[in-house]
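Summary of structural features
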Amino acid sequence: MVLDYIILGLYALGMVAIALYTRNRSKTVSDFLLAGSKGLNGWMSAFAYGTTYFSAVIFIGYAGKFGSLYGLASVWIGIGNAIIGSLIAWKVLAKRTKVMTGNLSSKTMPEFFEKRYGSKRLKLFTAVVTFVFLIPYSASVYNGLSSLFEIVFGIEGWIIMIILALLTALYLFFGGYFATALSDFIQGIIMLIGVVLMVILFMCSPEVNWDLSKLASNPELGWFTFASENTGIYGNTVSLLSLIFLTSFGVWALPQTVHKYYAIRDDRAIKQGMIVSTLFALVIGFGAYFVGALSGLFPQVQGINPDNIIPNMLTIVIPTGLIGVIAVLILSASMSTLSSVSLASASVVAVDIYKGSINTNASDKRVNWTMRILCLVFIAISVILAVLNEAYNISAIAYMMGLSWGTLAGCFIGPFVLGLLWKKTTKASCWASVISSLVLTVALILIFGFDKGGWNCGLDVAIKDGIGCSPMIGVICMIFSFIITFVVSLLTKAPDKEILDVAFAVKQ
């Protein structure tokens, strides 16, 4: 166990070293948000995207819960993430986002909406939505990590949350996006090595012994779940497809993932980033869900809280010394996501609300410092929510993430993606998507909650049960966002030609 603590200590020192190394690389708002005027190469951008995409939630919440629920079929979630969430997403969005945000001089998604659709109120409203709904996601990451350390190391969750928050705040405060990208590159390498090592160790365990026949032959735990439809109110097939859809298409409109396209260097870096991010997602996604699926062969974890399945499996399989490496793997996944989410949230408040509405004459230096401070505030709020969630069991880790992803993607995916691809996308359609998706999310949480728990279960139970259906709710809202954005655009006033000429200009 001493060796495990030494490994964790070396990792923490490495993050401190990154903070010190990058402390002079974020003097302006552009430096802090976009790593300067040159941008990042394909490898760093791809790792920044991948490590933001996959956090402790996938290893602790998603892989444990859905791996045990769907068996080997859960790996299709990881494959969907690689093909749809990385390969196709980069192919469709990366260059268009880079060019259009450059043409419009927008640094955040709300600022993109303001300049693409010509509405400051739209920027303010979407900035508030972004900040509010990224908090549950950030909190779910803290909860996931605390579950691991409580079970594996016997350390109380709140202590780990605070330590993680301090480390993340340190290098994010000093180095901004460049520090985040540099740490993401290092953490991405750790994640790849850790996942491969974890898969090998689990396959070598006495419970598995390189034999998947017991899982593959079980219609409820094999490569397909279509033979069993008795799980959840919608059945295995619909539930699994909703998870694939949410986690693969959701990243198309999440501020923290879309931001990676803003700061990529050039076309060559985009092509390189597309390939690297796809391979990264395939290894991480497949590996995490595959390990989760193996829980069906471990009688020791049957019937326990799904959030605790992976941590308990680690204590069974991973020997002392290597458990520190696996812990660093999940730490890396967590810190990279937390820094990106914190940066995205702080930037929308500092750039879009403070600079955009409260103090329009604020200097670049003041906005920069405001953004740094807001990073700390966001991290503090997330930790408080995570501690409350752990104390009162507000919601499962996986569903807190689903609520965040589903709500944000449901609000933004239509106006963002169609806004990049289709000149006729209008301001009214963007408003329609954002407002109606918020209303639809709340309505579906209540409807699904009462439907799942019974109409006499009470409002508090209905809300909790409704949040448990967040993957399905997110999918419905994303589809709705595309439809309403398209329909309202056909029926409302065409966008300003001057704005379109600037937004869709092709630079030679």
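Throughout what follows, the structure given in this document is the object of discussion. (Residues numbered from 1 in each chain as written. Predicted model: local features only at pLDDT ≥ 70, side-chain atom pairs only at ≥ 80, totals over all residues. Heavy atoms only, no water.)

Brief notes about the packing of helix H3 (residues 42-53) against helix H11 (residues 255-262)
Two numbers describe how H3 lies on H11: the axes approach to 9 Å, and their chain directions differ by 180°. Classified by the interaxial angle, the pair formed by H3 and H11 is roughly antiparallel. Contact with H3, carried on its side by Ala48, Tyr49 and Thr52, involves Gln256, Thr257, Lys260 and Tyr261 of H11 and no other residues of that element. Split by residue class, the contact of H3 with H11 holds three nonpolar, three polar and one charged. (Axes fitted to C-alpha atoms, helices over the stretch in contact; angles between N-to-C directions. Helix = DSSP H or I, 4+ residues; strand = E, 2+ residues; numbered from the N terminus. Parallel < 35°, antiparallel > 145°, perpendicular 65-115°, else oblique. Contact = heavy atoms within 4.5 Å. Nonpolar A, V, L, I, M, F, W, Y, C, P; charged D, E, K, R; others polar.)

Observations concerning unusual backbone geometry
Positive phi, close to 50°, is recorded for Asn209, a residue that is not glycine. For Asn209, the location among the structural elements is in the loop between helix H8 (157-204) and helix H9 (213-216).

Describing the environment of Leu72
Positionally, Leu72 belongs in the loop between helix H4 (56-70) and helix H5 (75-104). Take Leu72: its relative accessible area is 0%, and that puts it in the buried class. As a C-alpha pair, Leu72 and Leu294 span 222 residues in sequence and 7.8 Å in three-dimensional space. (Buried < 20%, exposed > 50% of the residue type's maximum accessible area, 1.4 Å probe, protein only.)

Regarding helix H14 (residues 322-358)
In this model, H14 (37 residues) spans 51 Å end to end at C-alpha, consistent with the 54 Å of a helix rising 1.5 Å per residue. Within H14, 32 of the 37 residues are buried, leaving the element largely enclosed by the surrounding structure. (Expected span 1.5 Å × (residues − 1).)

Describing the side chain of Thr126
Among the secondary structure elements, Thr126 is positioned in helix H7 (residues 120-152). A polar side-chain atom of Thr126 sits 3.1 Å from the main-chain carbonyl oxygen of Lys123. Apart from residues no more than four positions distant in its own chain, Thr126 is found in contact with Pro110, Phe113, Phe412 and Val434. (Polar contact = N/O pair within 3.5 Å; in protein donor to acceptor, adjacent residues only side chain to side chain.)

Topic: the nonpolar core
Grouped together as the largest cluster of nonpolar side chains are 151 residues, with contacts concentrated most on Phe59, Phe202, Leu294 and Leu314. Looking at this core element by element, the count peaks at 20 residues for H14. The contacts of Phe59, once residues within four sequence positions are left out, are Gly64, Met191, Val195, Met198, Ile284, Ala288, Ile310, Leu329, Ile330 and Ala333. (Core = buried A, V, L, I, M, F, W, Y, C linked by side-chain atoms within 4.5 Å.)

Focus on the packing of aromatic side chains
All chains considered together, the criterion is met by 21 aromatic pairs. Residues Tyr53 and Phe54 carry aromatic rings whose centres are separated by 4.5 Å and whose planes lie at 10° to one another, so their mutual orientation is stacked. Residue Tyr53 shares its accessibility class with Phe54, and that shared class is buried. Between Phe112 and Phe416 the ring centres are 5.3 Å apart and the planes differ by 65°, which places this aromatic pair in the edge-to-face class. Of this pair, Phe112 sits in helix H6 (residues 109-117) while Phe416 is found in helix H16 (residues 397-421), placing the two residues 304 residues apart along the sequence. Phe112 sits in the buried class, given a relative accessible area of 0%. (Phe/Tyr/Trp six-rings, centres within 6.5 Å; stacked < 30°, edge-to-face > 60°.)

Quick notes on H3
For H3, spanning 12 residues, the distance from its first C-alpha to its last is 16 Å, which sits close to the expected 16 Å at 1.5 Å a residue. With respect to burial, H3 is a largely interior element, 11 of its 12 residues being buried. Taken together, the buried positions of H3 are occupied by Gly42, Met44, Ser45, Ala46, Phe47, Ala48, Tyr49, Gly50, Thr51, Thr52 and Tyr53. Its side-chain oxygen placed 3.2 Å from the backbone nitrogen of Trp43, Asn41 serves as the N-cap of H3.

So, to be careful, I would describe these as geometric facts and stop short of saying anything about function.
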